[in-house]
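Breakdown of the fold
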Amino acid sequence: MQEGALAAPSSPSLTQPSAADVAALVAARGARRPPVLIGLSLAATALVLLPMAFLVYEAAQSGWAPLQHLLFRSLTAHLLANTVELAICVTTLCAIIGTAAAYATERTDLPLRRMWSALIVIPLAIPDFIVGYTWSSLWPSLHGLTGAVLVMTLSLNPLVYLPVKAALRGADPGLEEAARSLGLSPLATFRRVTLHQIRPALIGGSLVVCLALLGEFGAFEILRFQTFTTTIFTEFTVAFSTSAASALAMVLVLLGLGVLVARHFAAGRHGRVSRAGGGARRPPIRHRLGLRVIPVTAGCLALTGLSLGVPISTLGYWMTRNQPTTLPAVAPVPTAAETTVLYAVLAAAGAIMLALPVALLVERHPGPFSKVLESFTLSVQGLPGLVIAMALIFFAVRFAFPLYQSPILMVAAYSVLFCPLALVSVRASLAHAPARLEETARSLGKRPLAALVRVTLPLIAPGLAAGFCLVFLSVVTELTATLLLLPSGVKTLAAQFWAFQNDQSYAAAAPYATAIVAIAVVPGYLLGVWFDKKRGA
Amino acid sequence: MRRTTLLIAAPLSAIALAATASGCSTLGGTSATAAQASGTTNLVLYSGQHEQTTALLVSAFEKLNPTIKVTVRSNDEGSLAQQLLQEGSKSPADLFFAENSPALEQVQEKGLLAKAPAEALAAVPAQYDSPQSDWVGITARVTCLVVSSSVPASQVPTSALSLADPKWKGKLAFAGSETDLQPMITALAGKYGTKAATDWLNGLKANAAAHLLPDNETVTKDVDSGQVQIGVVDNYYWYRQAVDDGGFDKAHSRIGYFAAGDPGYVLSVSGIATLASSKHKDAAASFIKFLASPPAQKIIADSDSFEYPLLPGSAANAAMPALSTLKPGTIAIDQLGDGSTAVSLLQQAQLL
C-alpha cells in the first residue's frame, strides 16, 4: 500500500531537500508523503499558478526599461500606501468582528442564533456595486479610506466569521472547562485557551480577507479609492498597456506573498489543536448571557443592519421606482438564477477538489515543501479576477482552444479564483481532525482512499461545508471574470444585473440583485441548520 | 455511515451534473454547433456599445435575416479589445462594435481587422470611417460640459483650455479613466503640443481634486445633484441623466457646448468592424451594411442612447440639436489614432 512512497522526496521541487525539510520529514509521524497526494497538490498548484506565468510572460514582453518607468513613479507609491493602509485596517476590524460574532452565535445562549448565523454570512453575497452605491448615495461625502474601510469590513467579515465558527464548533470544550476549573476568568480562558484553539481559523480567515482586499475592484471604483487593482484595470482596459498592468499585478503578488510570510510568523510555533484523546464528542457549554443578551443582540443587530439592511433597503427603493427600460433581458431572472446556481455549485465542488490535496499535504505532511505549495495556492487570492481571466484566455486560446468560452473553462476560472477560500476552510478543520484516527483506520487495513473517505472527510465535513458555501457565495457575485469567460449568449444574475445597472436602469436591475441575495440566503441558512443538527447528534 | 455516503455522493453528483449540464443550454456554449445543424449562421458580436440599443439593432437585423443569428457579448470596450488582442487569430468573434475609435484602432494595429464592406463605407461620410477602411462609423457623440443649473450662462466656460483655470478649483469634475476623455486630450496635444497638454491636465486634475470620478455617469449624476458645478463628459450622458430625472425639464443641469471650432470640442465616432479571423465574413458584412442603413440608423436615433446617427439624411433624436448645427474642432479620426498619446499624458499626470 505504500509502494512508491519513498519516491516522494525526489519530486521536482525537492531535488535539493534542505536540512529543515529532511528534519520535518523525519519528525512527522508516519509522514512519507504519498506520491498521489503530491501529484494532485502539484497539479492544483500548477493550475492556480497559471496567472503568475501569464504575468511574467506579459511583463517580459516590453523589457525592463519601460516597466521601470511605469513602476517607479509617484502613483505606485500612492497606490502602495493606500493598499497597505486599507489592508491593515480592514483585516484587523474583520478579525475582531468576525470572531466576536462567531463566539456569540456559537458559544452563548443568544436567542435566534440560527437566524443571526445566516444573516451574518449573507453580506458576502451582496454585489459590491450595490454596497458601494448604497453607501455613496446615503452619505455622498463617504469617499477614500474611511468609506473603503467601512464598506469592505461590512462585506468581508464573514470570511473570518465562517472558519472561526467552524473551529469553535470543532474545538475540544474540555480544555476550556479545565482552564475555568483551574480558576481562570472567562476572559482569560478565551484569551489563553479558546483563542489558541481557533488560531488557525482566525489567521486563515484574516489572511483571506487581506488577500481578497488586494484583489477587490468594484467597491473601490465606486468609492473612488485608488488601489493597485483599480489601476491594473485601467492599465489593461483603457491604456491597453498589458505590460504595465502585469507589472503592477506582480507588485500585488509580492504584497500577497508578504502577507503570507507574515502569516507564517504569526502562526509559528504552535502545536496541534485537535482533541488529544478518543471518546465521544460533547458539545461545549453555552455561556449564559443573562442581561448581557441586550448588548450582544444590539451588536448583532447593528452588524446585520449595516451590512445587510442598508443595501437591501436600496434594492427595495429601486424596486419601487417605476422606470421604463426597453433593454430586453437576455436572460429572465429564473434562467439567470439557474445558470448562476449551476456554475456556483460546480465551481464550489471544483475549488474544494483543488484545495483538498493541498490542505491534506500541508496538515498531514508539514514541511517547507508543502508550505511553499500552500503559499503559492493562497497568493492567487490577491490577484484581480481580470488578471486571472486574461491568463486563462491566454492559455486556453493557445493550448486548449476547444475549451475556450466553454462552461468548463468558466468553472475552472472560478475554481482557481476561489480555491484559496476553500483551502483555508478545509485546512482549519483538518487541524482539528486528529490524524490518529486516520492512522488507526489504515492500521486496520483500510486503503488510504477509504481512510480518507470514511474517516477524514466526515471529520472535516464542517470545513468542507464552510469552504463550499464561501466559494458558492463568491461565485454568485463574481463579475469581471464572468464577463470575459462566460459562454456567449448566457448570463449569470450578476452579468445581467451589470447590463441593466450600466444602463442606469436600476429598477430593471433590482430583481436580479434581489435574486442574488435570495440565493445567498440558502447556503447561509443551510450552514446554520446543518451545524445545529450536528450539535443535536 | 449515511453521512459518508452523502459526502461521496455530493461531489460525484456535482460532476455528473457538470457532464450533463455542459450539453445543456443553461451553462451555454453550444449554440454554434446547434446553429450549424439547423442551417443558420451564428455571428458572434463583441459589443462595447450601449447594450439596450445594440439589442434593438440585433433583433431588427435578425427579423430581416432569418438565417442569421447574432450572439452578443457585452462588456466595456477596453476589456473586449484586450480580449480580442489575447485571442488573436483564433477569436470566436465575427464583429467588434466599439464605443470609440481608439479601441478599434488598437485591434486594427495588430492586423486583426478585415476590410469593411465597400457599400457601408460609401454610405457613411468618409470622415467618420476608418482611415484604412477597416471599420465603419455608425454613431457619433461630441465632448461637452454638463453644467449645474446654479451656474449662470455667462460663466460657463467656452474653451476646453480654460477648464484648467484656477477659478474652477473645487468646482470641476471629470473621469480620468474613461475612454471618452482621450479624444479631447489627443486633440489638445495635437493643437498646442504635449507640454501644454500636460500642463492642462495637471491644472484639470488640481481643479477636480475632490471630484476625480470613476465614470461619466457619476460625473453627470454629481453635477445634476449639485455636488459639483461643471463636469467634462460626452453629450449623451446628459440626456440619459435627464431621462432618469423624469424629463429634460426636470434635470437640475444642462449641456454647455464649447465655442465653435474649439480644439477641445471633439466629435468622436463609434464604429464596427469584421474580425480578420471571422469565418462568416458575408454574414458579418450584411450586419455592418444593416447598421449603416436607414432602418438601423432610425432605431439609433429613436433609442435612448442619444447618439447621432451618421448616415446622411438620418435625423437625430428630436431632443438633440441636429448634427449639422454642431461646430466641433477640426481633428480627424486618424489623428485620434489608438489613443496612446492621450494615455501616456494621463500616465504622466498620474491619472492612469
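Residues numbered from 1 in each chain as written. Chains lettered and ligands numbered in written order. Predicted model: local features only at pLDDT ≥ 70, side-chain atom pairs only at ≥ 80, totals over all residues.

1. Quick notes on the overall build of chain B
Our working definition: Only DSSP runs of H or I with at least four residues qualify as helices, and only runs of E with at least two residues qualify as strands; both kinds are numbered from the N terminus onward. We take the radius of gyration over the C-alpha atoms and set the globule estimate at 2.2 Å times the residue count to the 0.38 power. Burial is judged by counting other C-beta atoms within 10 Å of a residue's own C-beta: 20 or more means buried, 12 or fewer means exposed, and anything between counts as partly exposed, with every C-beta placed from the backbone. Residues are treated as contacting if the C-beta atoms built from their backbones sit within 7 Å of each other.
From N to C terminus, chain B includes 14 helices and 9 strands. Against the 2.2 N^0.38 benchmark of 20 Å for 352 residues, chain B shows a C-alpha radius of gyration of 23 Å, consistent with a compact globule. Going through the 352 residues of chain B one by one, you find that 55% of them count as buried. Partitioning the intrachain contacts of chain B with sequence separation of at least 6 by distance along the chain shows that 76% fall at a separation of at least 24.

2. What to know about helix α20 (residues 448–459) of chain A
All names here are of chain A. What counts is decided by this rule: Multiplying 1.5 Å by the residue count of a helix minus one yields the expected span of that helix. What the arc describes is the spread of directions from the helix axis to the C-beta atoms.
For α20, with 12 residues, the first-to-last C-alpha span of 15 Å sits near the 16 Å given by 1.5 Å per residue. Along α20, the residues classified as buried are Ala-451, Val-455 and Thr-456. The buried residues of α20 all sit within an arc of 85° when viewed along its axis, so they share a single face. Opposite the buried face of α20, at more than 90 degrees from it, the exposed residues are Leu-449 and Ala-450. Those residues of α20 that are buried are in contact with α19 (435–443).

3. Points about the environment of Ala-499 of chain A
As for its placement among the helices and strands, Ala-499 of chain A is situated in helix α23 (residues 493–502). Each C-alpha atom, one on Ala-499 of chain A and one on Arg-263 of chain A, is 39 Å from the other, the two residues being 236 residues apart in sequence.

4. Quick notes on the nonpolar core
Generally speaking, soluble globular proteins have nonpolar side chains that are buried together. The criterion, for reference: Definition of nonpolar core: a set of buried Ala, Val, Leu, Ile, Met, Phe, Trp, Tyr and Cys residues joined via C-beta atoms within 7 Å.
The biggest cluster of nonpolar side chains holds 286 residues, and the ones touching the most others in it are Ala-413 of chain A together with Phe-96 of chain B. Among the elements that take part in this core, helix α15 (residues 333–364) of chain A stands out by supplying 20 residues, more than any other. Each residue touching Phe-96 of chain B, except ones within four places of it in the same chain, is listed here: Tyr-46, Leu-80, Leu-84, Leu-104, Val-107, Ile-272, Ala-273 and Leu-275 of chain B.

5. Focus on the domain arrangement of chain B
Residues and elements named next belong to chain B. Stated formally: Each domain's extent was defined by an automatic or database domain assignment. Three classes are used: nonpolar for Ala, Val, Leu, Ile, Met, Phe, Trp, Tyr, Cys and Pro, charged for Asp, Glu, Lys and Arg, and polar for all others, with Gly counted as polar.
Per the domain assignment, the segments of chain B are domain 1 (12–140 + 269–321) and domain 2 (141–266 + 328–348). Facing the 22 residues of domain 1 at the interface are 17 residues of domain 2. Mapped onto the side of domain 1 that touches domain 2, the elements with two or more residues apiece are α4 (77–87) and α5 (101–109). Top contributing element to the side of domain 1 that touches domain 2 by residue count: α5, with 6 residues. Among the residues making up the side of domain 1 that touches domain 2, the classes are represented as 10 nonpolar, 6 polar and 6 charged.

6. Quick notes on helix α8 (residues 194–207) of chain B
Residues and elements named next belong to chain B. With 14 residues, α8 should cover 20 Å at 1.5 Å per step; its first-to-last C-alpha distance of 20 Å lies within 8% of that length. All of the buried residues along α8 are Ala-197, Trp-200, Leu-201, Gly-203, Leu-204 and Asn-207. Along the axis of α8, the buried positions cluster into a sector of 160°, meaning they face one direction only. If you follow the buried residues of α8, they end up packed against β5 (172–173), α7 (182–192) and α14 (340–348).

7. Considerations on the confidence of the model for chain B
Residues and elements named next belong to chain B. Operational definition: Values of pLDDT, the confidence the predictor places in each residue, fall between 0 and 100.
Overall, the predicted model of chain B reaches an average pLDDT of 87, with 90% of residues at or above 70. For chain B, helix α2 (residues 31–37) is the element with the lowest average pLDDT, namely 52, and strand β3 (residues 95–97) is the one with the highest, namely 97. Across the interfaces of the predicted complex, the ipTM metric reaches 0.77, alongside a pTM of 0.81.

8. With respect to the environment of Asp-94 of chain B
All names here are of chain B. Within the fold, Asp-94 resides in the loop between α4 and β3. The sequence separation of Asp-94 and Val-58 amounts to 36 residues, and the corresponding C-alpha distance is 14 Å. Beyond its immediate chain neighbours, meaning those up to four positions away, Asp-94 contacts Leu-43, Val-44, Leu-45, Thr-274, Leu-275, Ser-278, His-280 and Ala-284.

9. Regarding unusual backbone geometry
All names here are of chain A. The backbone of Leu-112 sits at a positive phi, close to 60°, despite the residue not being glycine. Relative to the helices and strands, Leu-112 is located in the loop between α4 (74–107) and α5 (113–121). A positive phi angle, close to 55°, is found at Gln-405, a residue other than glycine. Turning to its location among the elements, Gln-405 is positioned in the loop between α17 (385–399) and α18 (407–432).

10. As for the confidence of the model for chain A
Residue and element names in this part refer to chain A. Scored by pLDDT, chain A comes out at a mean of 79, with 85% of its residues at no less than 70. In this model, residues 1–17 is a region of pLDDT below 50 whose contacts with residues beyond four sequence positions or in other chains number 21 contacts. Contacts from residues 22–31, a stretch scored under 50 in pLDDT, to residues over four places away or in other chains number 11 contacts.

11. Examining the pairing of strand β4 (residues 136–148) of chain B
Residues and elements named next belong to chain B. The condition is simple: Strands are treated as partners if at least two bridges between them are detected by DSSP.
Most of β4 sits out of view: 13 of its 13 residues are buried. Across 6 bridges, β4 lies against strand β8 (residues 267–274) in antiparallel orientation. When the bridges of β8 are listed, Thr-139 appears paired with Ser-270. Direction of pairing for β4 relative to strand β9 (residues 308–309): antiparallel, over a ladder of 2 bridges.

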